[in-house]
Amino acid sequence: MTLRKNSFHMASSEEIKSGHVTDIYFQRARQILQKKNIDKRVRLEVTLKKRFPEGWDWGVLCGLEEVITLLQDLPVDLWALPEGTIVHVHEPVLMVEASYQKFSVYETAVLGLLCQASGIATKAARCVKAAQGRPIYSYGVRRVHPAIAPMVERAAYIGGCAGVSSVVGAELLGIEPFGTIPHALILILEDSTTASLMFDEVIEKTVPRIVLIDTFGDEKFEALENAELLKGNIDAVRLDTPSSRRGDMLEIAREVRWELDTHGYENIKIFISGGIDEDVIPQLNEVADAYGIGTAISNARVCDFAMDIVEIRQSDGQWEPTAKRGTRSGAKQLCICDKCGRREVSRWGREPRQCPKCLTPWEPRLKQYLDNGKLTQALPTAQEIRAYVLEQLSRHTL
Ligand SMILES: [Zn+2]
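Quick notes on the rules
- Residues numbered from 1 in each chain as written.
- Predicted model: local features only at pLDDT ≥ 70, side-chain atom pairs only at ≥ 80, totals over all residues.
- Helix = DSSP H or I, 4+ residues; strand = E, 2+ residues; numbered from the N terminus.
- Buried ≥ 20, exposed ≤ 12 C-beta atoms within 10 Å, placed from the backbone.
- Contact = placed C-beta atoms within 7 Å.
- Core = buried A, V, L, I, M, F, W, Y, C linked by C-beta atoms within 7 Å.
- Domains from an automatic or database assignment.
- Pairing = 2+ DSSP bridges.
- Axes fitted to C-alpha atoms, helices over the stretch in contact; angles between N-to-C directions.
- Expected span 1.5 Å × (residues − 1).
- Parallel < 35°, antiparallel > 145°, perpendicular 65-115°, else oblique.
- Left-handed = near helix turned anticlockwise from the far one by under 90°.
- Nonpolar A, V, L, I, M, F, W, Y, C, P; charged D, E, K, R; others polar.
- Arc of directions from axis to C-beta.

**Q** Explain the overall build of the chain to me, please; I cannot follow it from the model alone.
**A** Looking only at helices and strands, one finds 15 helices and 17 strands in the chain. Based on the C-alpha atoms only, the size of the chain along its principal axes is roughly 80 × 60 × 35 Å. Counting across all 398 residues of the chain, residues that qualify as buried make up 40%. Put simply, of all contacts in the chain between residues at least 6 apart along the chain, 67% involve residues at least 24 apart.

**Q** Please clarify how the nonpolar core should be interpreted in this entry.
**A** When a protein is soluble and globular, its nonpolar side chains tend to lie buried together. Residues Ile 120, Val 237 and Ala 253 are the most contacted members of the largest nonpolar core, which totals 102 residues. Counting residues per element, this core draws most heavily on helix 5 (residues 107–131), which supplies 14 residues. Looking at which domains feed residues into this core, each of domain 1 (13–120 + 301–336 + 366–393) and domain 2 (180–293) supplies at least three. Ile 120 has contacts with Cys 62, Val 152, Ala 155, Ala 156, Gly 159, Ile 297, Ser 298 and Ala 300, leaving out every residue within four places of it along the chain.

**Q** So what exactly am I meant to see when it comes to the environment of Glu 176 here?
**A** Turning to its location among the elements, Glu 176 is positioned in the loop between helix 7 (167–173) and helix 8 (183–189). Owing to 12 C-beta atoms within 10 Å, Glu 176 belongs among the exposed residues under this scheme.

**Q** Would you mind going over the sheet that holds strand 5 (residues 94–99) with me for this structure?
**A** Remark on secondary structure: sheet strands pair via backbone hydrogen bonds, oriented parallel or antiparallel. Strand order in this open sheet of 7 strands is 13-12-1-5-3-16-17, and the pairing throughout is antiparallel. Bordering the open sheet on either side are strand 13 (319–321) and strand 17 (374–375), each of which pairs with just one other strand. Direction of pairing for strand 1 (residues 41–48) relative to strand 5: antiparallel, over a ladder of 6 bridges. Of the residues in strand 5, the one forming a bridge with Val 42 is Ala 98. On the sheet, helix 3 (residues 64–71) packs against strand 3 (76–80) and strand 16 (367–371) and is oriented at approximately 170° with respect to strand 3. The strands touched by helix 5 are strand 1 and strand 12 (305–313); relative to strand 12, the strand with the most contacts, the crossing angle is about 135°.

**Q** In this structure, what is going on with helix 2 (residues 24–35)? I would like to understand it.
**A** The α-helix advances 3.6 residues per turn, and as a result positions three or four apart in sequence lie on the same side. Here helix 2 is 12 residues long and its end C-alpha atoms lie 17 Å apart, about the 16 Å a rise of 1.5 Å per residue gives. Little of helix 2 sits out of view: just 0 of its 12 residues are buried. Asn 37 sits one or two residues past helix 2 and shows a positive phi near 55°.

**Q** What exactly am I supposed to notice about the sheet that holds strand 9 (residues 236–239) here?
**A** Within the open sheet, the 6 strands sit side by side as 7-6-11-10-9-8. Their pairing is parallel. Edge positions in the sheet fall to strand 7 (163–164) and strand 8 (210–212), since each of these pairs with one other strand and no more. Across 3 bridges, the pairing between strand 6 (residues 136–138) and strand 11 (residues 290–293) is parallel. For Tyr 137, the partnering residue across the bridge sits in strand 11 and is Gly 292.

**Q** Can you help me understand the domain arrangement of the chain in this one?
**A** A common way to state how big an interface is: give the accessible area lost once the parts meet. In terms of domain boundaries, the chain breaks down into domain 1 (13–120 + 301–336 + 366–393) and domain 2 (180–293). The distance between the C-alpha centroids of domain 1 and domain 2 comes to 44 Å.

**Q** Looking at this structure, how should I read the environment of Thr 22?
**A** Mapped onto the secondary structure, Thr 22 falls in the loop between helix 1 (13–17) and helix 2. Residues Thr 22 and Tyr 106 lie 84 residues apart in sequence; the distance between their C-alpha atoms is 6.5 Å. Apart from residues lying up to four places away in sequence, Thr 22 is in contact with Gln 27, Val 105 and Thr 108.

**Q** Can you help me understand the packing of helix 5 against helix 6 (residues 149–158) in this one?
**A** Helix-helix packing: each pair is described by the crossing angle between the helix axes and the interaxial distance. Contact pair helix 5 / helix 6: the axes reach a minimum separation of 7 Å and the direction vectors enclose 40°. Taken together, the axes of helix 5 and helix 6 lie oblique to each other. When you trace helix 5 past helix 6, the crossing you get is right-handed. Residue-level inspection shows Ala 117, Ile 120, Ala 121 and Ala 124 of helix 5 in contact with helix 6, the latter providing Met 151, Val 152, Ala 155, Ala 156 and Ile 158. Taken together, the residues of the contact of helix 5 with helix 6 break down into 9 nonpolar, no polar and no charged.

**Q** Can you walk me through the pairing of strand 11 in this structure?
**A** Each regular strand displays side chains that alternate between the two surfaces of the sheet. Burial along strand 11 is two-sided: Ala 290 and Gly 292 and Tyr 291 and Ile 293, pointing in opposite directions, are all buried. Both strand 10 (residues 269–273) and strand 11 contribute to a ladder of 3 bridges, which runs parallel. Bridge pairing in strand 11 links Ser 273 to Gly 292.

**Q** Even after reading the chapter, I still don't get helix 15 (residues 382–393), so can you show me in this structure?
**A** For helix 15, built from 12 residues, the straight-helix expectation of 16 Å at 1.5 Å per residue is met to within 8% by its first-to-last C-alpha distance of 16 Å. Of all the residues in helix 15, the buried ones are Ala 382, Ile 385, Arg 386 and Val 389. All buried residues of helix 15 fall inside an arc of 100° around its axis, so they share one side. Each element contacted by the buried residues of helix 15 is listed here: strand 2 (59–60), helix 5, helix 6 and helix 7.

Below, the structure is given as structure tokens:
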């Protein structure tokens, strides 16, 4: 056993890539198959078989880029829906064709990469949909192990977040990190206006001026004090009122809005953070112009994708559909009609060529990404995947 006293408790890229992050039973299965010289080629399918968490009726597929990183250069063929596709229960999202003996130790990592990232992207997408065009910023890196911060931020961004707070996450995405002023700075400087003035003096002008107005005093008075001192040169005030003082966040925000407007500061926006989740967003939309969301997104429930053998190649080269109880046998494709939204799961290679409802021609959505471990197409950027998610969210039928 490796002692890890002086390093973080995380698997290295090499450990993940070598299949060391596997449940032991897959390793034992491989041991037995090797010993008995049984080498069968299989098709394994990833689907969500029961239900999404929290009563969600769809999810955003995320984590594919890392699955490709994991399986690249291995003797594996990989097909998948494009990353960012909105998926439903029982729809095939990914298919691997490989020697089971060689692939088995990667199943744990494939699922881990997809399940967590998809849960985060889905929650972000749900919050983004609830916010109806108001930007949402990912604030939850402090609630997860720092090793996975870049993954969390990428999934939140792909789900539609307008920006991310961590430097490392923004670097991965090639965007500017987003942030305001921590309460700590105000405590050290002893009042919020001093912090706002120093922020304005020191920090480059391209960074939005968003002042914090709930550290010592009342939100309304601190908002006005800051607005007057900075002569209205503020982009937004941030309400992060602790729940013990909050009472009614909507009412506090309404009052701040009213006073700012009354004193001629209609241009100053209201940014709300602190314990926000999708359920409170519709009410807060009345006065909020933007949100910072932490735990609800970063620690979103996972999508319980499962991976199952659905076909085994026989000695005569024919593929035999098979599956355990509770799983539909045979490899499957997914078609989605861009015109009417109809979705259809069909047997692999037997897809209808057009939508049966509106007769629009369509293409199977699972595309090949790896051919014996070699990448067969260029991967989209996070920006492109995010745009694809937002385009799907804008439709009435998901
Ligand atoms: Zn159609």
